[in-house]
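Spelled out, the chains give:
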Amino acid sequence: MTTLAPLASVDQLAAWMQRTPDELPPGSALVLDLASRIVRTEARQDFTRRSTTAMFNPRSGWISLPLRPVASVDAVTVAGGVVEPSGWELVRDRLRVTRYPYTPALVTYTAGYSTVPGDVLAVVLTLAARIINNPADLRQESVGGVAVTYAAETIGASLAEAERDQLSRYRRRAAVVDLE
């Protein structure tokens, strides 16, 4: 499994929290890494542009490539032989293998965003800021005559419902399951 870089930098987190990078706690990079993993898991997307190779079983000649958006298909191999570009067609995030509609295909493709989408970046930074601002997962705290109550969403390293809704647009809408 490939280890992916966090979706946001410590400098971006500091700017988001209106602090300097030196004012952030030492574990900020770890918090950004974990927040990025949580966001990637919820969205079921990497967001980072990269090349990957995987084996797929076409359904009536179509392969749905799971990483999006697909930037390019670099190679298609069927039964040990390279399929020339005239033997396949990329349509958004689906690959049509015209000459081999049911034969497993090894596909190398490049997918992901060249920059992290703004709404995804906002979710990562908001989650990381919540974790840093309430590291002890307190529900309420008081010092002298000042009492602070944290919202339920600020407890734990989890996403609020509104953030899940923001990320839902990046999830694949339908999946094909082969029951054979």
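Use the structure listed above.
Presented here is a report on the structure given in the accompanying data block. This structure is a prediction, so every number in the text was calculated from the model and none was measured.

### As for the packing of aromatic side chains
Right, so step 1: Counted under the stated rule, the structure contains 4 aromatic pairs.
Right, so step 2: The interplanar angle of 55° and the centroid separation of 6.5 Å between the aromatic rings of Phe56 and Tyr109 together place this pair among those described as tilted. Taken together, the positions of Phe56 in strand E1 (residues 50-56) and Tyr109 in strand E7 (residues 105-111) put the pair 53 residues apart, joining distant regions of the chain.
Right, so step 3: The class of Phe56 is buried, set by a relative accessible area of 13%.
Right, so step 4: The exposure class of Tyr109 is buried, given its relative accessible area of 1%.
Right, so step 5: Ring geometry for Tyr113 and Tyr170: centres 6.1 Å apart, planes at 80°, overall edge-to-face. Remark: Tyr170 occurs in the segment after helix H4 (161-168) and Tyr113 occurs in the loop between E7 and helix H3 (118-133); sequence separation between them is 57 residues.
Right, so step 6: Its relative accessible area of 26% is what places Tyr113 among the partly exposed residues.
Right, so step 7: An aromatic cluster is defined as three or more aromatic residues linked by ring pairs; in this entry it consists of Phe47, Tyr113 and Tyr170.

### Points about the sheet that holds strand E6 (residues 94-97)
Right, so step 1: On the basis of which strands lie adjacent, the open sheet formed by 3 strands has the order E2-E6-E5 and antiparallel pairing. For this open sheet the edge positions go to strand E2 (62-64) and strand E5 (88-91), each flanked by a neighbour on one side alone. The sheet shows a mean angle of 20° between the axes of neighbouring strands, direction not considered.
Right, so step 2: Here E2 runs beside E6; their pairing, made up of 3 bridges, is antiparallel. Each bridged residue has a counterpart across the sheet, and for Ile63 the counterpart in E6 is Leu95.

Definitions and cut-offs
Residues numbered from 1 in each chain as written. Predicted model: local features only at pLDDT ≥ 70, side-chain atom pairs only at ≥ 80, totals over all residues. Heavy atoms only, no water. Phe/Tyr/Trp six-rings, centres within 6.5 Å; stacked < 30°, edge-to-face > 60°. Helix = DSSP H or I, 4+ residues; strand = E, 2+ residues; numbered from the N terminus. Buried < 20%, exposed > 50% of the residue type's maximum accessible area, 1.4 Å probe, protein only. Pairing = 2+ DSSP bridges. Axes fitted to C-alpha atoms, helices over the stretch in contact; angles between N-to-C directions.

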